[in-house]
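One-letter residues, chain by chain:
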Amino acid sequence: MRRAAFAASEKFPTRPVEMIVPWGPGGGADQLARQIGKLAEPMFGQGVPVVNVPGGTGATGMAKLLATPPDGYSAAIYIADAHALLAGSNPRWQLSDITPAAVMIQAPSFIFVAQDSRFKTWADFEKEARASPNKLKVATLGFGSVDDFTLSYLAGKGVNVIQVPFSKPSERYVSILGGHADALYEQAGDVGSFLAGKQMRPLLVFGKERFPAFKDVPCSYELGYQVALPQFRAVVLRAGTPEGALSVFDSVMGKVAATEEYKKFLTEQIADPNSYLTASQSGAFLEQQLSEMKALAKPA
């Protein structure tokens, strides 16, 4: 009833559209939200204020989204690490509680070390991790994240490390520069300034193929590690959002993705240039990702 009434009688949006970022400022999700906000504001004809709500590997920000009315006036940046929570036991929300408007970024994850690290190659790191289990420290987002699933997979293959969670992106990035961790699990775009400044370098990319920007860095599949969960960043709304509002979001996100400025942003993020998925494509994508995450999740 409500959906039909909305489509027939209301124009969307008639007021600002809030973009919730379930992470602190400065990280990749925050950068995406602000890029989208800047480009989408003239398309919506309304402001797109960004609200950072960090905590709980994205759970706190998602709780805020799910507490709002399903009217399209609140959206959230939804990333693979938050999605991974659904693969655990007793998640605080279900995939059926949200409606994807678009997938905006897809990018592989890497193991990075400081430029002056004693580990010159992944083979060096792997050798020490096997020889001295649970000695090397890897900075991650936290337990129950994609980072956690991937490192748990490696542990099952004999590469045992200590996971050191840092919820604040800035602290995670600099942990390997200050000697608080031996390596970092992250996406290249999020640490692009450190790579450009020759402060970090990658040892391994998680994927089925080498990444073009780092063609000399081995990929996980070629070394026998069949794990390649990509980081993705999507825009989601509450389930039950009227079709009219979802249709507008779908259209605006597509227009944002097609701009030259956004394409440049993807390049700067060292992401897949074909990252964008429509609202209808995004639902199937999230289902597939969750299936793969559940296969890697540790038994409850």
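Up top is the structure.
Only a predicted model underlies this, so the values are computations on that prediction, with no experimental measurement involved.

Procedures and definitions
- Residues numbered from 1 in each chain as written.
- Predicted model: local features only at pLDDT ≥ 70, side-chain atom pairs only at ≥ 80, totals over all residues.
- Heavy atoms only, no water.
- Helix = DSSP H or I, 4+ residues; strand = E, 2+ residues; numbered from the N terminus.
- Contact = heavy atoms within 4.5 Å.
- Pairing = 2+ DSSP bridges.
- Axes fitted to C-alpha atoms, helices over the stretch in contact; angles between N-to-C directions.
- Salt bridge = Lys/Arg side-chain N within 4 Å of Asp/Glu carboxyl O.
- Buried < 20%, exposed > 50% of the residue type's maximum accessible area, 1.4 Å probe, protein only.
- Expected span 1.5 Å × (residues − 1).
- Arc of directions from axis to C-beta.

*Asks:* Just give me the short version of the environment of Val164, but keep the residues and values in it.
*Replies:* Structurally, Val164 can be placed in strand β7 (residues 162-165). For the pair Val164 and Leu154, spaced ten residues apart in sequence, the C-alpha separation works out to 15 Å. Excluding anything up to four places from it in sequence, Val164 contacts Lys137, Val138, Ala139 and Thr140.

*Asks:* Got a sec to walk through the sheet that holds strand β10 (residues 231-238)? Specific residues and values, please.
*Replies:* Ordered by their spatial adjacency, five strands build an open sheet running β2-β1-β3-β10-β4, and the pairing between neighbours is mixed. Both edges of this open sheet fall to β2 (50-52) and β4 (98-107), since each of them pairs with a single strand only. Direction aside, neighbouring strands of the sheet carry axes that sit 25° apart on average. One ladder, built from eight bridges, connects β4 with β10; its direction is antiparallel. Residue pairing in the sheet places Ala102 in a bridge with Val235 of β10.

*Asks:* Talk me through the pattern of salt bridges; I want residue IDs and the actual numbers.
*Replies:* Scanning the model with the defined rule gives ten salt bridges in all. For Arg34, the salt bridge identified is with Asp30, shortest N-O distance 3.0 Å. Placement of both Arg34 and Asp30 in helix α2 (residues 28-44) is noted, with a separation of four residues, approximately one turn of the helix. Using a relative accessible area of 41% as the deciding quantity, one classes Arg34 as partly exposed. Residue classification places Asp30 among the buried residues on the basis of a relative accessible area of 5%. Between Asp190 and Arg233 there is a salt bridge, with the nearest N and O atoms lying 2.7 Å from each other. On the criterion of sequence distance, the pair formed by Asp190 in the loop between β8 (183-187) and α8 (192-196) and Arg233 in strand β10 is long-range, its members being 43 residues apart. Take Asp190: its relative accessible area is 7%, and that puts it in the buried class. Among the residues examined, Arg233 registers a relative accessible area of 4% and is labelled buried. Put simply, Arg118, Glu128 and Lys135 are held in one network by salt bridges that share partners.

*Asks:* Hey, could you go over the sheet that holds β7 for me, with residue numbers and the actual values?
*Replies:* Remark on secondary structure: sheet strands pair via backbone hydrogen bonds, oriented parallel or antiparallel. Spatially, the five strands line up as an open sheet ordered β7-β6-β8-β5-β9, and their pairing is mixed. Only two strands of the sheet have a single partner each, and these edge strands are β7 and β9 (200-206). Mean inter-strand twist for the sheet, computed between neighbouring axes without regard to direction, equals 35°. Bridging between strand β6 (residues 137-140) and β8 involves two bridges; their strand directions are parallel. Note on β8: the bridge partner recorded for Ala139 is Leu184. Packing of helix α5 (residues 122-131) onto the sheet brings it into contact with β5 (109-114), β6, β8 and β9, and relative to β9 it is tilted by some 75°.

*Asks:* Please provide a residue-by-residue account of helix α11 (residues 279-296), values included.
*Replies:* In an α-helix, one turn spans 3.6 residues, which is why side chains three or four residues apart end up on the same side. For α11, spanning 18 residues, the distance from its first C-alpha to its last is 26 Å, which sits close to the expected 26 Å at 1.5 Å a residue. Those residues of α11 that sit buried are Ala279, Ser282, Phe285, Leu286, Gln289, Leu290, Met293 and Leu296. Relative to the axis of α11, the buried residues are bounded by an arc of 135° and lie together on one face. Facing away from the buried side of α11 by over 90 degrees, the exposed positions are Ser280, Ala284 and Ala295.

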